[in-house]
Amino acid sequence: MSKIDIVRRCNICGAILQSEDKDAPGYIDGEILANKPLDSLVSCSSCYEENIFHMAPSSSIVSEDFLTILDDARATEALIVYLVDLFSFESYFVKEINERIKSLPILVIGNKRDLLPKSAKDEDLSEYVAHRFRVAGLPIQKENVLLASLSSQKNLDFLMKEIEERRRAHDVYIIGAPLSGKSFFFNAFLAGFRNKTKRPITTRQYKGTNLRLMRIPLDSSSFLYDTPGAGGLNNLLLEAESLDAWRYYPASEVKARVFPYDQGTSFLFGSLARIDFLEVPEKGKLKAYFAPSVDILKSSAKKLDDYFHKGTIYSLKVKPFPNKKISLKELDVFEISIEEEELRDIGLAGFGWISLKGKGTKIRVYLPKGAGLYTSRAKIK
């Protein structure tokens, strides 16, 4: 007797589900499909990724090739020089990177000090950076953090002296997310570099990987390596028009913009992110640290809900705009309950942050999928 089998289809796009070809319509992991009852609704991998609401803010990712480089750094007990962009670095840590370098000596360079308010104390900023590294699982104290604006040659000379003293004749690996300032660091370093060895500076494919690295001889047996940018792919500005993204990153000292808020108050930060105040024990004021070119619109949740549900957020002309129209189903939504008495930051990766004091306040945040979100002790006191 002939047998009729059920052909299972994606409940969203209707494609026939299959586990053989990841690039073909209807692909789903075979183990997932096997464990789903025949009468259950199943989505193909593509539809699942498009429609899923993330349970946690997106984190940065890194390639296996990059991790291979760090394995070598660990094997040679190299010094890790970790560059961060002081304006926004909190969401760029990568667990796999931290696991490989936590036993190594690490020097953190907090770059772009000139973008933060001059009123902020360097000692407080160094402790803040060290705290964020410790939260990420790296044993950093403020003595391991140097603040700099790498547009200054004077800053670079000081940093290179520190690196030379701390490396103890070992290799040096420079790491950091894109836009942290690594390229400028190397260009400025090379401009003043005097090769005291007979070994040439080379740029070549790193063994066992598909990555190209610059290698600079420091002495007869050790080198300084320039690694590719790692992390930072959850930068909110990636949702902006690619040619305009630089317009919405600060070019000089960021000045805080102050806004009062109450229960039911909502804010749009560009047309990229929305923050609602759901529960507010008492009226307060927030400080917003964003580039001057970023529009901040204060409204009510009720009014913004109407624009969001109709998909007409563009009509408000709040810049920057995302590079495509975003519907509600394409946004991740998170809620933050503030339990601390002291000043707290809520940050949008690569874009800016707000700072407020409000124990008992409950906040809802809407972000495009893939964007990073964090909450922390205040960066600027």
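Remember, predicted model here, so these are calculated numbers, not experimental data. (Residues numbered from 1 in each chain as written. Predicted model: local features only at pLDDT ≥ 70, side-chain atom pairs only at ≥ 80, totals over all residues. Heavy atoms only, no water.)

1. Brief notes about the overall build of the chain
Scanning the chain from N- to C-terminus turns up 8 helices and 17 strands. For the chain, the spread of C-alpha atoms along the three principal axes comes to 75 × 70 × 35 Å. Evaluated residue by residue, the chain yields a buried proportion of 50% over its 381 residues. Looking at the chain alone, contacts between residues at least 24 apart form 73% of all its contacts between residues at least 6 apart. About 19,800 Å² of surface is accessible on the chain, with carbon and sulfur atoms providing 52% of the total. Of the charged side chains in the chain, 55 are positive and 50 negative; the average position of the first set lies 5 Å away from that of the second. (Helix = DSSP H or I, 4+ residues; strand = E, 2+ residues; numbered from the N terminus. Buried < 20%, exposed > 50% of the residue type's maximum accessible area, 1.4 Å probe, protein only. Contact = heavy atoms within 4.5 Å. Areas by Shrake-Rupley, 256 points an atom, 1.4 Å probe, with all protein chains shown as cover. Lys, Arg positive; Asp, Glu negative; His and termini not counted. Charge placed at Lys NZ, Arg CZ, Asp CG, Glu CD.)

2. Quick notes on the pairing of strand β14 (residues 344–348)
Within β14, 5 of the 5 residues are buried, which leaves it mostly tucked inside the rest of the structure. Across the two faces of β14 the burial is the same, with Arg344, Ile346 and Leu348 and Asp345 and Gly347 all buried. As defined by bridge partners, β14 adjoins strand β15 (residues 352–356) across 5 bridges and the pair is classed as antiparallel. Directly across from Ile346, in β15, lies its bridge partner Ile354. Counted along the chain from β14 to the antiparallel partner β15, the turn is 3 residues long, and its residue Gly350 has a positive phi close to 75°. (Pairing = 2+ DSSP bridges.)

3. Re a nonpolar patch on the surface
The grouping of Ile61, Leu233 and Leu238 at the surface amounts to a nonpolar patch, some 320 Å² of accessible area in total. Counting through the fold element by element, Leu238 comes out in the loop between β7 (223–226) and β8 (257–261). On the accessibility criterion, Leu238 (51% relative accessible area) is exposed. (Patch = residues over 30% accessible without salt bridge, like charges linked within 9 Å, V, L, I, M, F, W, Y side chains within 5 Å. Salt bridge = Lys/Arg side-chain N within 4 Å of Asp/Glu carboxyl O.)

4. Concerning the sheet that holds β14
Where strands meet in a sheet, backbone hydrogen bonds hold them as pairs that are either parallel or antiparallel. Spatially, β8-β11-β15-β14-β17 is the arrangement adopted by the 5 strands of the open sheet, whose pairing is antiparallel. Since the sheet does not close on itself, it has two edges, and those belong to β8 and β17 (373–377), each with one partner. Within this sheet the neighbouring strands show an average axis-to-axis angle of 25°, counted without direction. Bridge count between β8 and strand β11 (residues 284–290): 5 bridges; the pairing is antiparallel. Directly across from Tyr261, in β11, lies its bridge partner Gly284. (Axes fitted to C-alpha atoms, helices over the stretch in contact; angles between N-to-C directions.)

5. Digging into the nonpolar core
Counting 77 residues, the largest nonpolar core has Tyr82, Phe133, Phe269 and Leu348 as the members making the most contacts within it. The contact partners of Leu348, leaving out residues within four places of it in the chain, are Ser88, Leu236, Phe269, Ala273, Phe290, Val365, Leu367, Gly372, Leu373 and Tyr374. (Core = buried A, V, L, I, M, F, W, Y, C linked by side-chain atoms within 4.5 Å.)

6. Notes on the environment of Thr76
If you trace the backbone, Thr76 turns up in the loop between α3 (64–75) and β1 (79–85). Expressed as a C-alpha distance, the spacing of Thr76 and Leu104, which sit 28 residues apart in the sequence, is 9.6 Å. Ignoring sequence-local partners within four residues, the contact set of Thr76 consists of His170 and Asp171. Of the polar contacts made by the side chain of Thr76, one reaches the backbone oxygen of Ala73; its length is 3.2 Å. (Polar contact = N/O pair within 3.5 Å; in protein donor to acceptor, adjacent residues only side chain to side chain.)

7. Re α3
Between the first and last C-alpha of α3 there are 17 Å, a value that for 12 residues agrees with the 16 Å anticipated at 1.5 Å per step. In this fold, the buried residues of α3 make contact with β1, α4 (95–101), β4 (172–176) and β6 (212–217). A positive backbone phi angle near 55° is found at Glu77, which sits one or two residues after α3. (Expected span 1.5 Å × (residues − 1).)

8. Quick notes on the pattern of salt bridges
Counting across every chain of the model gives 24 salt bridges. A salt bridge links Asp124 to Lys381; the nearest nitrogen and oxygen atoms lie 4.0 Å apart. Of this pair, Asp124 sits in helix α5 (residues 122–135) while Lys381 sits in the segment after β17; the two residues are 257 residues apart in sequence, bridging distant segments of the chain. Its relative accessible area of 28% is what places Asp124 among the partly exposed residues. By relative accessible area, Lys381 is classed as exposed at 76%. The salt bridge involving Glu335 is made with Lys362; its shortest N-O contact spans 3.3 Å. Here the residue Glu335 occupies a position in strand β13 (residues 331–337), and Lys362 occupies one in strand β16 (residues 362–368), the gap between them amounting to 27 residues.

9. Here's the deal with the sheet that holds strand β9 (residues 265–269)
Read across the open sheet, the 5 strands follow the order β12-β9-β10-β16-β13; overall the sheet is antiparallel. Each edge of the open sheet carries a strand with a single partner, namely β12 (296–300) and β13. Pairs of neighbouring strands in the sheet enclose a mean axial angle of 20°, with direction left out of account. Where strand β10 (residues 273–279) and β16 come together, 5 bridges link them in antiparallel fashion. Note that in β16 the partner of Arg274 across the bridge is Tyr366. Of the strands in this sheet, β9, β10, β12 and β13 touch helix α8 (residues 301–310), which is tilted by about 105° from β12.

10. Considering the state of the cysteines
One pass over the full model with this rule turns up 0 disulfides. With no disulfide of its own, Cys10 lies closest to Cys13 among cysteine sulfurs, the gap being 3.7 Å. Given a relative accessible area of 4%, Cys10 falls into the buried group. (Disulfide = S-S within 2.5 Å.)

Purely geometric stuff here, so don't read any function into it on its own.
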